Amino acid sequence: MIVPFLDLKKQTSSIRYEIDMAVKRVIDSASFIQGKEVVELEDKFSKLVGVPYTVSVGNGTDALFIALKSLGIGQGDEVITAANSFIATSEAITATGAKVVFADVCPDSYNINPDDVERKISNKTKVLVPVHLYGQMAEMDRVLKIAEDNKLFVVEDAAQAHLSRYKGRNGAWKNAGSFGNMAIFSFYPGKNLGAFGDAGAIVTDDIELANKAKMFANHGRLSKFKHEFEGFNSRMDSIQAAVLNVKINYLSQWNEERKQVALKYFDCLKNVVEIKLPKVNENCDPVWHLFVIQAEKRNELQSFLKNSGISTGIHYPVALPNLPAYKYLKHKPGDFPVASLLATQILSLPLFPEMTNQQIEYVCSNIKKFYTEVV
Ligand SMILES: Cc1ncc(COP(=O)(O)O)c(C=O)c1O
């Protein structure tokens, strides 16, 4: 049996006719950049997330860069983010001219550790960027309190967390993206809501920030040649928006199917003592972008699964502060003990909405086989 890490072909084939018609409409209209599909998507996405404003942009990395620029972040500022994320998070911070400051993560939730965030705050800190990693939200009550106490902005990196929910201290469940001053999403094809190319969005409840971001993403203008400031070109293509307008209607269903796969993994793997299953915090309702276990003999397990036709991933094999790209920050080994250890143990199992019971069982039986018969 072959178990891919995700199966985008299967997903597309289930909605192929709708997609073809949507793309055809854009081609017929010849309105390829920021057409009416883009406006429709921004409206739908705002309603879905539960925020008043969505600004569509070229990709998630740009979204974070533009959000930070809209908050006035630049040289001399510091921005704190998680040591375990995709480099896009820290890259976007550095691109503004600000200094990226890493905080370690929690061993169970894999998300940013609020205690370490507190330790890393300086008089230059301006923004906290919690990453809702693998589809589970960071500890937002703590993050927001720290931000409030220290007068900092919060920009959520929700690239992996479309419709992930968190129950705040007031008992209300709210979606990822509706907690910070601003939040960013990626619509990279493999994300829970993915386009047919690069695309991203910024959401906010602040009209001024929304306008600034919208202008920044379009050469600093709102109308054709009235450039108020120098911005950037990061606009969403109408074809990407048309695809997303179809796929957005299936997001809740696909997230539910992802959850069912996760529940089966929990059940099937609960007695395998050599692995640690992901922990769901009680105030979180994750959307299972990834199902990440911690495994003894991780590399050997990954090779064994590969030889059995099962694709897995490592997100991420090197903690951000330990990458050559951040050598200039002069971190010592041991500065980020949790993120550094996790990088040697984590393994992302295949998980996608269309995954069959046989595929899940095949993955689980091979993990069990590895620990009983191979090592
Ligand atoms: C946590 C995180 N932040 C930001 C990004 C950047 O998104 P994009 O690939 O759309 O630029 C990604 C994408 O992989 C991500 O996983």
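Residues numbered from 1 in each chain as written. Predicted model: local features only at pLDDT ≥ 70, side-chain atom pairs only at ≥ 80, totals over all residues.

Engineer: Describe the overall build of the protein chain, and please don't skip the residues or the numbers.
Structural biologist: Counting its secondary structure elements, the protein chain contains 13 helices and 13 strands. For 375 residues, the compact-globule estimate of 2.2 N^0.38 gives 21 Å, and the protein chain sits close to it at 21 Å. Each of the 375 residues in the protein chain was classed as buried or not, and the buried ones make up 47%. Across the protein chain, every contact between residues at least 6 apart in sequence was considered, and the portion connecting residues at least 24 apart equals 72%. (Helix = DSSP H or I, 4+ residues; strand = E, 2+ residues; numbered from the N terminus. Rg over C-alpha atoms; globule rule 2.2 N^0.38 Å. Buried ≥ 20, exposed ≤ 12 C-beta atoms within 10 Å, placed from the backbone. Contact = placed C-beta atoms within 7 Å.)

Engineer: Provide a residue-level description of the nonpolar core, including the pertinent values.
Structural biologist: Counting 113 residues, the largest nonpolar core has Ala67, Leu68, Val155 and Ile202 as the members making the most contacts within it. Residue contributions to this core peak at six residues, all from helix α4 (residues 60-70). Each of two domains, domain 1 (8-249) and domain 2 (251-374), supplies a minimum of three residues to this core. The contacts of valine 155, once residues within four sequence positions are left out, are Leu64, Ala67, Leu68, Val127, Val129, Gly180, Asn181, Met182, Ala183 and Ile184. (Core = buried A, V, L, I, M, F, W, Y, C linked by C-beta atoms within 7 Å. Domains from an automatic or database assignment.)

Engineer: Explain the domain arrangement of the protein chain to me, and be specific about the residues and the numbers.
Structural biologist: Here the domain parsing of the protein chain yields domain 1 (8-249) and domain 2 (251-374). Computed over C-alpha atoms, the centres of domain 1 and domain 2 are 24 Å apart. Looking at the side of domain 1 that touches domain 2, the elements that each hand over two or more residues are α1 (8-14), α5 (87-95) and β6 (165-167). Among the elements that make up the side of domain 1 that touches domain 2, the one with the highest residue count is β6 (three residues). Grouping the constituent residues of the side of domain 1 that touches domain 2 by class yields 16 nonpolar, 11 polar and seven charged. (Nonpolar A, V, L, I, M, F, W, Y, C, P; charged D, E, K, R; others polar.)

Engineer: Lay out the pairing of strand β3 (residues 99-103) with the relevant residues and their values.
Structural biologist: Regular strands place side chains that alternate from one sheet face to the opposite one. A large share of β3 lies buried, amounting to four of its five residues. Here strand β2 (residues 78-82) runs beside β3; their pairing, made up of five bridges, is parallel. In the sheet register, alanine 82 faces β3, and the bridge partner there is alanine 103. Crossover β2 to β3 through α5 is right-handed. (Pairing = 2+ DSSP bridges. Right-handed = clockwise from strand over helix to strand, strands pointing away.)

Engineer: Account for the site of the ligand, naming residues and giving values.
Structural biologist: Around the ligand there are 15 residues in total, and Gly60, Thr61, Ala88, Ala159 and Ser186 lie nearest to it. Only α4 and α5 provide two or more residues apiece to the shell around the ligand. Each residue belonging to the shell around the ligand can be placed in one class, and the counts come to five nonpolar, eight polar and two charged. (Near = placed C-beta within 6 Å.)

Engineer: Explain unusual backbone geometry to me, and be specific about the residues and the numbers.
Structural biologist: Looking along the chain, the bond that leaves histidine 315 and enters tyrosine 316 is cis, with omega of 20 degrees. With respect to the helices, strands and loops of the structure, tyrosine 316 is situated in the loop between α11 (298-307) and α12 (337-345). A positive phi angle is found at glutamine 34, which is not glycine, with a value near 50 degrees. Counting through the fold element by element, glutamine 34 comes out in the loop between α2 (16-29) and α3 (36-49). Note on glutamine 34: 18 C-beta atoms within 10 Å, which makes it partly exposed. Despite not being glycine, tyrosine 134 shows a phi value in the positive range, around 65 degrees. Looking at the element boundaries, tyrosine 134 is found in the loop between β4 (125-129) and α7 (140-150).

Engineer: Describe in detail the packing of α4 against helix α8 (residues 207-216), supporting the description with residues and values.
Structural biologist: What describes two packed helices is the angle between their axes and the distance between those same axes. One way to put it is that α4 packs onto α8 with a least axis distance of 9 Å and a crossing angle of 125 degrees. With respect to α8, the element α4 is oriented oblique. Judged by the twist between their axes, the crossing of α4 over α8 is right-handed. Across from Ile66, Ala67, Lys69 and Ser70 in α4, the residues of α8 making contact are Leu209, Lys212, Ala213 and Phe216. (Axes fitted to C-alpha atoms, helices over the stretch in contact; angles between N-to-C directions. Parallel < 35°, antiparallel > 145°, perpendicular 65-115°, else oblique. Left-handed = near helix turned anticlockwise from the far one by under 90°.)

Engineer: For the sheet that holds strand β10 (residues 275-276), give the residues involved together with the corresponding values.
Structural biologist: Spatial strand order, β10-β12-β13: three strands in an open sheet with antiparallel pairing. One side of each edge strand has no neighbouring strand; the edge strands of this open sheet are β10 and β13 (346-349). Pairing of strand β12 (residues 291-295) with β13 involves four bridges; the strand directions are antiparallel. Paired with isoleucine 293 across the strands is leucine 347, a residue of β13.

Engineer: Can you break down the sheet that holds strand β9 (residues 200-204) residue by residue, with the values?
Structural biologist: The strand order across the open sheet formed by seven strands is β1-β9-β8-β5-β4-β2-β3, and the pairing between neighbours is mixed. Strands at the two margins of the open sheet, each flanked by one partner only, are β1 (53-57) and β3. Strand after strand, the sheet turns through a mean of 25 degrees between neighbouring axes, direction not considered. Bridge count between β1 and β9: five bridges; the pairing is antiparallel. The residue bridging tyrosine 53 from the neighbouring strand is threonine 204, located in β9.

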